[in-house]
Amino acid sequence: MAEINDLRDFAKQQGVELAKPKDLVSELIDNLTARYGYSSAEIKANFDQILNEAEQEAHTLYRKHEQEYCKRVLGLYISHLVKEGGIKDPNDVGVELGANVSLLDKFFLSLAQGRKARAGGAFETFHNDLFRGLGYPFSEQALINGKPDFLLPSAGHYQKNASDCIIFTVKRTVRERWRLVVTEGTRGLAYFLATIDKDLSRNQLEEMLANRVHLVCPHDIKQQQSAYRSAPNVLSFQDFFQDYLDPAMDRWKRNGVI
């Protein structure tokens with residue numbers, strides 16, 4: 001019987017792969033657009049609510065895709081066992097699966113380990129797609145010693161007047177990763193880090209403030225966490241648009257930058 005060492009590789013050879021974050025995001029945006037018919041103005045006005053709802057729905061959507069993927073992979077595997085002669089009648093199914101339990105363990109462990117990474121990728125892609133749809137000018141993934149998701153209004157303007165730019169990046173969970181966008185070459189600027197992470201401590205927020213990092217999160221998260229409510233560098237998305245990005249847009253237009 002032909003040996004299989006990895007069910008995901010085996011399934012991929014048959015053209016079966018788990019949905020990628022960008023595919024989930026596309027379906028999620030289609031669902032939300034069909035439900036609410038959001039225009040750009042409505043997206044900006046409801047950004048906090050949309051992210052909260054999208055995060056919940058994305059998890060449900062991902063698990064649905066994961067379930068369908070498992071059905072197809074296991075179906076392919078059992079068909080392979082039948083073809084190779086390992087299964088001749090239904091009673092052999094349990095015997096064969098039990099004999100290959102390590103292969104199944106490896107498969108399900110791989111799914112579990114990749115779940116958080118895919119959830120993070122889906123959140124970041126969804127947020128970026130929403131942000132991009134608002135029509136703000138930006139350079140994406142610009143290399144400035146760090147590599148933020150968005151450099152507004154452009155990398156070209158950053159080279160001329162870095163302190164007039166907004167550096168904005170997205171992380172589903174933060175931990176210590178906010179340090180990645182605060183480098184020696186760009187120290188002294190203000191950074192905006194969008195997240196849905198609820199677990200940052202008061203000390204972490206104070207350290208971020210000392211490095212001029214503003215945390216941008218949905219309004220509900222800011223209100224629910226006492227450390228977030230009292231931190232001057234924690235903003236809702238509505239705060240960010242009204243107090244930082246839109247005034248910067250007015251300034252850039254007035255000065256002929258955009």
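Preceding block: the structure.
A few points on the structure. Bear in mind the structure is a predicted one, so any value in this text is a computation, not a measurement.

1. Some details on the pattern of salt bridges
Inference 1: Under the defined criterion, the tally for this structure stands at eleven salt bridges.
Inference 2: For the salt bridge of Asp246 with Lys44, the shortest nitrogen-to-oxygen distance reads 3.0 Å. Placement of the pair is Asp246 in helix α11 (residues 237-254) and Lys44 in helix α3 (residues 40-45), with a sequence separation of 202 residues.
Inference 3: With a relative accessible area of 29%, Lys44 lands in the partly exposed category.
Inference 4: Among the ionic pairs, Lys71 bridges to Glu68, the shortest N-O distance being 3.5 Å. With Lys71 and Glu68 both in helix α4 (residues 47-83) and three residues apart, the pair spans about one turn of that helix.
Inference 5: Owing to a relative accessible area of 51%, Lys71 belongs among the exposed residues under this scheme.
Inference 6: With relative accessibility at 40%, the residue Glu68 sits in the partly exposed group.
Inference 7: The network of salt bridges with common partners includes Arg63, Glu66 and Arg115.

2. Brief notes about the nonpolar core
Inference 1: Judged by nonpolar contacts, the single largest core of 75 residues is most densely connected at Phe168 and Leu245.
Inference 2: It is α4 that contributes the most residues to this core, twelve residues altogether.
Inference 3: When sequence neighbours within four positions are dropped, the list of residues in contact with Leu245 reads Phe131, Tyr136, Leu152, Ile166, Phe240 and Trp252.

3. What about unusual backbone geometry?
Inference 1: Following Leu152, the chain continues into Pro153 via a peptide bond in cis, with omega recorded as 0°.
Inference 2: Mapped onto the fold, Pro153 is located in the loop between β2 (150-152) and α7 (155-160).
Inference 3: Even without a glycine there, the phi angle at Gln141 is positive, about 55°.
Inference 4: Topologically, Gln141 is positioned in the loop between β1 (139-140) and β2.
Inference 5: Despite not being glycine, Arg212 shows a phi value in the positive range, around 60°.
Inference 6: Note that Arg212 resides in the loop between α8 (202-210) and β5 (213-217).

4. Some details on the packing of aromatic side chains
We describe a pair of aromatic rings using the distance from one ring centre to the other and the angle between the two ring planes.
Inference 1: Per the stated rule, a full pass over the model turns up 14 aromatic pairs.
Inference 2: For the ring pair Phe131 and Phe150, a centre distance of 4.6 Å and an interplane angle of 35° mean the geometry is tilted. Here Phe131 is found in helix α6 (residues 101-133), whereas its partner Phe150 is found in strand β2, with 19 residues between them in sequence. The pair formed by Phe131 and Phe150 is uniform in burial state, with each residue classed as buried.
Inference 3: Taken together, the ring pairs connect Phe47, Phe131, Tyr136, Phe138, Phe150, Phe168, Phe192, Phe237, Phe240, Phe241 and Tyr244 into an aromatic cluster.

Procedures and definitions
- Residues numbered from 1 in each chain as written.
- Predicted model: local features only at pLDDT ≥ 70, side-chain atom pairs only at ≥ 80, totals over all residues.
- Heavy atoms only, no water.
- Salt bridge = Lys/Arg side-chain N within 4 Å of Asp/Glu carboxyl O.
- Helix = DSSP H or I, 4+ residues; strand = E, 2+ residues; numbered from the N terminus.
- Buried < 20%, exposed > 50% of the residue type's maximum accessible area, 1.4 Å probe, protein only.
- Core = buried A, V, L, I, M, F, W, Y, C linked by side-chain atoms within 4.5 Å.
- Contact = heavy atoms within 4.5 Å.
- Phe/Tyr/Trp six-rings, centres within 6.5 Å; stacked < 30°, edge-to-face > 60°.

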